[in-house]
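# Chain and residue survey
Each chain, letter by letter, is given below.
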Amino acid sequence: QRCRKFPGLINCTEIDWFHPWPRDALQSVSERFIATMPAFDGRPQLLPLVSSHMAEVHLSVEKASEQYLKREKRYFYTTPKSFLELIAFYKSLYKASKGEIDKQIERLEKGIAVLANTGMKVAELQEDLKNKMVIVEEK
């Protein structure tokens with residue numbers, strides 16, 4: 001009877017189907033998605049450490065959202081999609097950082113090459129100076 005009077009109670013109702021993922025599932029998913037990154041090509045021992053950290057971050061956000069609910073009486077959902085977004089953010093942040101570091105490495109290598117070239121020129125000039133000093137002393 002009441003549902004016929006207020007159809008919005010049924011039509012606008014959502015059921016919260018989100019269940020927390022276990023740590024093993026989070027680690028497995030993150031390992032699968034970040035395994036193709038070039039950071040782990042030469043160092044496969046880092047893969048489980050990074051995936052474990054990602055799982056820990058996601059679980060800590062879930063704990064913080066529970067505290068937020070108790071304190072502020074507002075919900076903050078951590079869903080599987082938010083975990084996948086965390087992985088995508090990590091990959092994009094890595095790519096940006098890697099590009100910046102590569103630029104700095106290239107700049108440093110060019111600077112070292114210039115310093116080495118300058119050092120060789122200074123050594124040549126010192127030899128010329130010694131030769132000219134000998135000639136000047138003879139005169």
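A brief report on the enclosed structure follows. Just so we're clear, the structure is a prediction, and the values are computed from it rather than from any experiment. (Residues numbered from 1 in each chain as written. Predicted model: local features only at pLDDT ≥ 70, side-chain atom pairs only at ≥ 80, totals over all residues. Heavy atoms only, no water.)

### Overview of the pattern of salt bridges
Convention followed: For this document, the term salt bridge refers to a Lys or Arg side-chain nitrogen within 4 Å of an Asp or Glu carboxyl oxygen. Helix numbering and strand numbering both begin at the N terminus, where a helix is a DSSP run of H or I of at least 4 residues and a strand a DSSP run of E of at least 2. Each residue is assigned to one of three classes by its accessible area relative to the maximum for its type, calculated with a 1.4 Å probe on protein chains only: buried under 20%, partly exposed between the two thresholds, exposed over 50%.
Considering all chains together, one arrives at three salt bridges under this definition. Taking the shortest distance from any N to any O, the salt bridge between Glu 106 and Lys 110 comes out at 3.5 Å. Of the two residues, Glu 106 and Lys 110 are both situated in helix H5 (residues 80-138); the distance of four residues between them amounts to about one turn of the helix. On the accessibility criterion, Lys 110 (52% relative accessible area) is exposed.

### Focus on a nonpolar patch on the surface
Rule in force here: Only residues above 30% relative accessible area that lack a salt bridge enter a patch, with like-charged residues linked at up to 9 Å and the nonpolar side chains Val, Leu, Ile, Met, Phe, Trp and Tyr linked at up to 5 Å. To be clear on the numbers: accessible area is Shrake-Rupley with a 1.4 Å probe, and residue cover counts the displayed protein chains and nothing else.
A cluster of nonpolar residues, Leu 69, Tyr 75 and Tyr 77, forms a patch on the protein surface that exposes about 340 Å² of accessible area. Take Tyr 77: it is sitting in the loop between helix H4 (46-72) and H5.

### As for the packing of aromatic side chains
Short version of the rule: For this analysis, a ring pair means two rings from Phe, Tyr or Trp (six-membered ring only for Trp) whose centres lie within 6.5 Å, classed as stacked if their planes differ by under 30 degrees, edge-to-face if by over 60, and tilted for the remaining angles. Remark: a charge is flagged as sitting over a ring if the NZ atom of Lys or the CZ atom of Arg is within 6 Å of the ring centre and within 35 degrees of the ring normal.
Taken as a whole, this structure holds two aromatic pairs when the rule is applied. Residues Trp 21 and Phe 83 carry aromatic rings whose centres are separated by 6.1 Å and whose planes lie at 65° to one another, so their mutual orientation is edge-to-face. One end of the pair, Trp 21, is in the loop between helix H2 (8-11) and helix H3 (23-34); the other, Phe 83, is in helix H5, and 62 residues separate them in sequence. Relative to Tyr 77, the ring of Tyr 75 lies with its centre 5.7 Å away and its plane at 5°, an arrangement referred to as stacked. On the basis of relative accessibility, which here comes to 60%, the residue Tyr 75 falls in the exposed class. Between Arg 32 and the ring centre of Phe 33, over which it is positioned, the NZ or CZ distance is 5.2 Å.

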